[in-house]
Amino acid sequence: MRIVIAEDSAVLRDGLVALLADRRHEVVAAVADGDALRAAVAEHRPDVAVVDIRMPPTHTDEGLRAAIALRRDHPGVGVLVFSQYVETQYAAELLASRSDGVGYLLKDRVADVSDFISALTRIAAGETVLDPEVVTQLLGASRRADALATLTPREREVLGLMAEGRSNAAIAKTLFLTDGSVEKHVTNIFAKLGLPPSEGDNRRVLAVLQYLDS
Amino acid sequence: MSATTSVSTSTGGLPIGGAIGQFLLTPFTRRALAELLYALISLPLALAGFVYLLAALYTSGLLLITLIGLPLLAAALLGARGLGALTRRAAAALLGLRVDAPPAFRPRAGLLGWIRSGLGDVTGWRAMAYLLLKLPVGMLAFMVAIAFWAYSLAGITYAAWRPFLPGQYDTSGGWHRGAQFGEDYYVDTWPRILALFAAGVVLLLAAPWAVRGVLVLDRLLIEWLLGPTRSSARVRDLEESRAHAVDDSAARLRRIERDLHDGAQSRLVAVAMKLGMAKEKLDPDDPQADLEQARTLVDTAHRDAKEALVELRDLARGIHPPVLDTGLGSALRTLAARSTVPVELHVDLAERPSPAIETIAYFCAAELLTNVAKHSGARHATLELTQGSLLRLQVGDDGNGGARVGVAGGLAGLAERIRTVDGQLEIISPPGGPTLVTVELPHR
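Residues numbered from 1 in each chain as written. Chains lettered and ligands numbered in written order. Predicted model: local features only at pLDDT ≥ 70, side-chain atom pairs only at ≥ 80, totals over all residues. Heavy atoms only, no water.

For helix α1 (residues 10–22) of chain A, which comprises 13 residues, the first-to-last C-alpha distance of 18 Å matches the rise-based estimate of 18 Å (1.5 Å per residue) to within 8%. A positive backbone phi angle near 65° is found at Arg24 of chain A, which sits one or two residues after α1 of chain A. (Helix = DSSP H or I, 4+ residues; strand = E, 2+ residues; numbered from the N terminus. Expected span 1.5 Å × (residues − 1).)

Dropping the structure here:
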């Protein structure tokens, strides 16, 4: 993959560059603020951009603003927004226009290198990756808690993984279930939450998120 | 008076002549004329105010029997407030008298709340009292002003208008054209006319002082009744310092969060990232396993972890220095020992101040010593802590001086923090030095 990194902390930026290079990915640019990020993406057309939310000059949400602009201006570039906190509000803004080729992860996730790389690969391929923390917050904050309460614990687990953008096969592997039983859970969840069944991971995520956030 | 003489001696080449000139010109200064104007409008204002007072009290008193009386009285008090504000403004414009505005009217919610607040409005009642007392004071000021100015002008211009006076006979049958004093004293000879002229000049010279003197009464009334009461001024000070304290602590929390986010938190993410990479390098099943690389990664992670520890320790010490727990004295000794500029320390502390005061004193000392090291160019500094009715911290240095409270500098932050506990900050720092900063804090 060809990757652009925007991160103002030098120690993390250098670490990310080393980590990706070690996995034979090409970091075409590593910058420290939103403007430089937009310039670098326009110049290099990477497969994916890794964007820290808090960067100079204001250290609030310029990374998020830059990420939203990238998704508008360069639909082909995957964007992973990367932060030390997750805010459901930020997730909602990020997913507002469309939900493909985008991710929102806690910085902690980089400690599990393989998972992190696979998340990047999935985003570059146009999938959606949300941090389990975002999903937990959304599940906790949902105003339709009554409908959620009808889900079994196993169905809640499956729903969480669906919201993270996992496919049925991946969910089966994670939970040590057969594909068939995952499918059965998914059908049950859609039925209990009143969601129309649909094809493809991303629409699933979007449907679930819309439901949870409504 | 002292202002006038001091100006003349400092500007005039001939001090005495200058002073006399100044004195002769006093009646025609801007200030004297403004005061005269104030004294003249005092009468109509005093009368109008008194009529307002009577009308307001009388009507609302009459109507008390119906329900409309109370709201009317509340409205009248509010009106009195307005008249008070008008008076303050006139006094500021004409007398140069600056009196702070009393606290603004803050009614409770609803019509009944408004009436209750209006009736209990101390400022309104005090303004009413002013309107009452202003009547004699204003009339007196008017009369004094008229007496001095009118008689002096009449005396000075007497020679000009004497020919138009009607002639009259005295008791012994002599014919006179002139002002009559007593039974048979007419001002119709030149010596007498000149004497009257001289009297007019004396009155003219005395007039501004007389007016100024009689206006002292009005000034006192305005200060006493139309300004904020001592307790309301205190409340305002407290509100201000509370707002500062809240701002200060919010800013500090924000800074701590920033420091954590940019420092230790980022380093720990890097540590986790490098250990994650190392773990994969050590995986025996992985064809990419590489012991040498793993060792390098663990090495850098180890270094990052140690740096994160240092950052966390500094941050924790910035929030609350643990050494303060053993007392302000030993905390200051630590500070002095750590300073790059040699510090002569003198601590005289019989009993411990409250923890909040200790913390503020400590951070003041830390900030001041940092300033000495960073900006003063000093070779030697002193730090003194003494305890009297107040806790007094003094930091001095033999550096370049020129320290002052800027808009957003460290000293401005100190000043605000000190103000939150009613303390004082004094900076003596002439260009070229030496600098002596004194912080006075209450004990608790």
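A few words on the nonpolar core. Among the nonpolar cores identified, the biggest contains 50 residues, and Leu37, Tyr104, Leu159 and Met162 of chain A are the most heavily contacted of them. Setting aside residues up to four positions removed in sequence, Met162 of chain A forms contacts with Ile171, Val186, Ile189, Phe190, Arg204, Val205 and Val208 of chain A. (Core = buried A, V, L, I, M, F, W, Y, C linked by side-chain atoms within 4.5 Å. Buried < 20%, exposed > 50% of the residue type's maximum accessible area, 1.4 Å probe, protein only. Contact = heavy atoms within 4.5 Å.)

In the structure shown here, the tally under the stated rule is 29 salt bridges over all chains. A salt bridge links Glu280 of chain B to Arg23 of chain A; the nearest nitrogen and oxygen atoms lie 2.1 Å apart. On the criterion of chain membership, the pair formed by Glu280 of chain B in helix α9 (residues 230–281) and Arg23 of chain A in the loop between α1 and β2 (26–31) is interchain, its members lying in two chains. Take Arg23 of chain A: its relative accessible area is 24%, and that puts it in the partly exposed class. In this structure, Arg258 of chain B and Asp262 of chain B form a salt bridge, with 3.2 Å as the shortest nitrogen-oxygen distance. Taken together, the positions of Arg258 of chain B and Asp262 of chain B, both in helix α9 and four residues apart, correspond to about one turn of that helix. A relative accessible area of 33% places Asp262 of chain B in the partly exposed class. Each of the salt bridges in this network shares a partner with another, and the network as a whole consists of Arg267, Lys274, Asp304, Glu307 and Glu311 of chain B. (Salt bridge = Lys/Arg side-chain N within 4 Å of Asp/Glu carboxyl O.)

Turning our eyes to something else, we now look at unusual backbone geometry. All names here are of chain A. For the peptide bond that leads from Pro56 to Pro57, omega is 5°, which places it in the cis range. For Arg24, which is not a glycine, the phi torsion comes out positive at approximately 65°. Within the secondary structure layout, Arg24 lies in the loop between α1 and β2. The residue His59 is not glycine, and still its phi comes out positive at about 55°.

Summed over all chains, the structure comprises four aromatic pairs over all chains. Seen from their ring centres, Phe82 of chain A and Phe116 of chain A are 5.6 Å apart, and the 40° between their planes marks the pair as tilted. Here Phe82 of chain A is found in strand β4 (residues 78–83), whereas its partner Phe116 of chain A is found in helix α5 (residues 113–124), with 34 residues between them in sequence. A residue is classified by how much of its surface remains accessible, and Phe82 of chain A, at 2% relative accessible area, is buried. With a centroid separation of 5.5 Å and 80° between ring planes, the pair formed by Tyr362 of chain B and Phe363 of chain B is classed as edge-to-face. Lying across the ring of Tyr185 of chain B, Arg192 of chain B places its NZ or CZ 3.9 Å from the centre. (Phe/Tyr/Trp six-rings, centres within 6.5 Å; stacked < 30°, edge-to-face > 60°. Lys NZ or Arg CZ within 6 Å of the ring centre and 35° of its normal.)

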